[in-house]
Amino acid sequence: MAGGGGGGGGGGQKQDDLTPHPVKDQLPGVSYCITSPPPWPEAILLGFQHYLVMLGTTVIIPTALVPQMGGNNEDKAVVIQTLLFVAGINTLLQSFFGTRLPAVIGGSFTFVLPTISIILAGRYANEPDPHTKFLKIMRGTQGALIVASALQIIVGFSGLWRNVARYLSPLSAAPLIALVGFGLYELGFPSVAKCVEIGLPELILLVIFAMYLPHAVHMMRSIFDRFAVLFTIPIVWLYAYLLTVGGAYRNAAPKTQFHCRTDRSGLIGGAPWIRVPYPFQWGAPTFDAGEAFAMMAASFVALVESTGTFIAVSRFASATPLPPSVLSRGVGWQGVGILLDGLFGTGNGSSVSIENAGLLALTRVGSRRVVQISAGFMIFFSILGKFGAVFASIPAPIFAALYCVFFAYVGSAGLGFLQFCNLNSFRTKFILGFSLFLGLSIPQYFNEYTSVAGFGPVHTRARWFNDMVNVLFSSKAFVGGIVAYVLDNTLHRHEATVRKDRGYHWWDKFRSYRTDTRSEEFYSLPFNLNKFFPSV
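Just so we're clear, the structure is a prediction, and the values are computed from it rather than from any experiment.

Notes on helix 19 (residues 426–453)
Spacing of three or four residues puts side chains on the same side of an α-helix, whose turn is 3.6 residues.
Argument step 1. The terminal C-alpha atoms of helix 19, which comprises 28 residues, lie 39 Å apart, in line with the 40 Å expected from a rise of 1.5 Å per residue.
Argument step 2. Of the surrounding secondary structure, the elements contacted by the buried residues of helix 19 are helix 6 (170–182), helix 20 (463–472), helix 21 (476–490) and helix 22 (498–501).
Argument step 3. Backbone nitrogen of Arg 427 and a side-chain oxygen of the N-cap are separated by 3.2 Å at the start of helix 19; the cap is Ser 425.
Argument step 4. In the stretch just after helix 19, Gly 454 is the one whose phi turns positive, near 85°.

Structural data, given as structure tokens:
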């Protein structure tokens, strides 16, 4: 057998070439971390970019739900304004008093399923007036959200979620975070393809501006990758506008016109010039026990998904892993956010914005101040309705192109935690592969069954029970994360090598707030509030 060092001209490999990459508990290469904000002009532009990115979900969800409720374009514009306004408040609350991470809190697709169930409830079916029907359904949604918010408020502020998070290892975190990002694949290219002549150019330009141009034009390197979204959206938006006014879609199918044209949203005409959203603007909430249980299931799914996104955000902000007590505190404030959604009437619950988490990775700016500035933009443009509606009328395929990059970044953050694990262990391979596979396969079964039958696989006489189970098992991140967590904490757990194989020892010093000095720097509360609300 030949020796390691070759003779002749080639020479042997250096020892450094054979050394694995070192494990990093903080992600290197981040330009600005949580506590190091960019200069003010740059921070304002970056904040506006975060605002643009979160607009996609903020517009898509009400656009899908409000017409089913019976609402018109004016109602849709007001719901979008309200969702945007409350998202700004919730983002500020989370950045000041919650996890203190640069996490945007916005509308969540997780709450769409129980909302549709409320829309289809029998007691609204016989209402002849569409606007009255819209108001009644919105009040029913408000009541369900108010009740559902109690779950996260109690679980978070009581410290219960802190006890759950303490048993989270890098191995069980990896599938959870990976599926938080990769599990939203149906919102990526399938939505791009709804108007491929607009969505595909946005996707290609974004990759060119963010990945290729910074290496080709060295003088403007940090400008291209940091502001790629601000460069590419106006270019493709203008291109879409020229196609619209040029008559490219004059004879197209209604669905194509809706996705491609820049004048089909109805938001600019429907939005008031100035309007401040306020609690109970649709009337007093109504309560139904079954609908509240279904929304509570969605709240639990959002809690699990947000846990994964919070961990990804901490990674992209170059912070240390979240202490469980800080994560629990953030969950409690997210529950307060859902309560505000119910009080104001957004028609949708809140969770951590996955696309904005991906934007942190693209820009390599994890500054808390930038996200707080973006919250200011959310509140400002929600009050000035016409101006906000201009940006909200960007065609959805453009946002879908952004999702292809941002969701992929978040998914890759989950895979990054495998560096702490022993990937040569068959136990690791089983837990990782099995949880990822079931996380994709079980929700696919539930979604396919629902699309064919018109109802979920669980179809008993108790509609609230059906909704609860169908909501839980339709979330890829929830299914994969729960499977990984249970297996990781029960399978051969007490064997000598398992603790190291699952990477649990790497996170030992972050199990408590006080065992790592950097926790104070990243996660301490402002205004000396740590004295009154200590973290453990």
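What follows continues from the structure just given.
A look at the side chain of Thr 141
Argument step 1. The residue Thr 141 is located in helix 4 (residues 130–157) in this model.
Argument step 2. Thr 141 has contacts with Met 69, Thr 115, Ile 118, Met 295 and Gly 347, leaving out every residue within four places of it along the chain.

A closer look at the packing of aromatic side chains
Any pair of aromatic rings gets described here by the distance separating the centres and the angle formed by the planes.
Argument step 1. For the structure shown, the criterion picks out 36 aromatic pairs.
Argument step 2. Relative to Phe 344, the ring of Phe 85 has its centre 5.8 Å away and its plane inclined at 50°; by these criteria the two rings are tilted. On the criterion of sequence distance, the pair formed by Phe 85 in helix 2 (residues 73–97) and Phe 344 in helix 14 (residues 324–344) is long-range, its members being 259 residues apart.
Argument step 3. Look at Phe 85 and you get buried, because its relative accessible area is 10%.
Argument step 4. You can call Phe 344 buried: its relative accessible area is 9%.
Argument step 5. It is Arg 315 that lies over the ring of Phe 417; its NZ or CZ is 5.6 Å from the centre.

Topic: the pattern of salt bridges
Argument step 1. Under the defined criterion, the tally for this structure stands at 13 salt bridges.
Argument step 2. Residue Arg 261 is joined to Asp 263 by a salt bridge in which the shortest nitrogen-to-oxygen separation is 2.9 Å.
Argument step 3. The partner of Arg 499 in a salt bridge is Asp 508, and the shortest N-O contact between them spans 2.3 Å.
Argument step 4. Taken together, the shared-partner salt bridges connect Asp 25, Lys 509, Asp 516 and Arg 518 into one network.

A few points about the packing of helix 6 against helix 19
Argument step 1. Contact geometry for helix 6 and helix 19: axes closest at 10 Å, N-to-C directions at 25°. Comparing the axis directions of helix 6 and helix 19 gives the class roughly parallel. Of the two possible hands of crossing, helix 6 and helix 19 adopt the one that is right-handed. Across the interface between the two elements, Leu 171, Pro 175, Ala 178 and Leu 179 from helix 6 touch Arg 427, Thr 428, Ile 431, Leu 432, Ser 435, Leu 436, Gly 439 and Leu 440 from helix 19.
Argument step 2. Class assignment of the residues belonging to the contact of helix 6 with helix 19 gives a composition of eight nonpolar, three polar and one charged.

Definitions and limits used
Residues numbered from 1 in each chain as written. Predicted model: local features only at pLDDT ≥ 70, side-chain atom pairs only at ≥ 80, totals over all residues. Heavy atoms only, no water. Helix = DSSP H or I, 4+ residues; strand = E, 2+ residues; numbered from the N terminus. Expected span 1.5 Å × (residues − 1). Contact = heavy atoms within 4.5 Å. Polar contact = N/O pair within 3.5 Å; in protein donor to acceptor, adjacent residues only side chain to side chain. Phe/Tyr/Trp six-rings, centres within 6.5 Å; stacked < 30°, edge-to-face > 60°. Buried < 20%, exposed > 50% of the residue type's maximum accessible area, 1.4 Å probe, protein only. Lys NZ or Arg CZ within 6 Å of the ring centre and 35° of its normal. Salt bridge = Lys/Arg side-chain N within 4 Å of Asp/Glu carboxyl O. Axes fitted to C-alpha atoms, helices over the stretch in contact; angles between N-to-C directions. Parallel < 35°, antiparallel > 145°, perpendicular 65-115°, else oblique. Left-handed = near helix turned anticlockwise from the far one by under 90°. Nonpolar A, V, L, I, M, F, W, Y, C, P; charged D, E, K, R; others polar.

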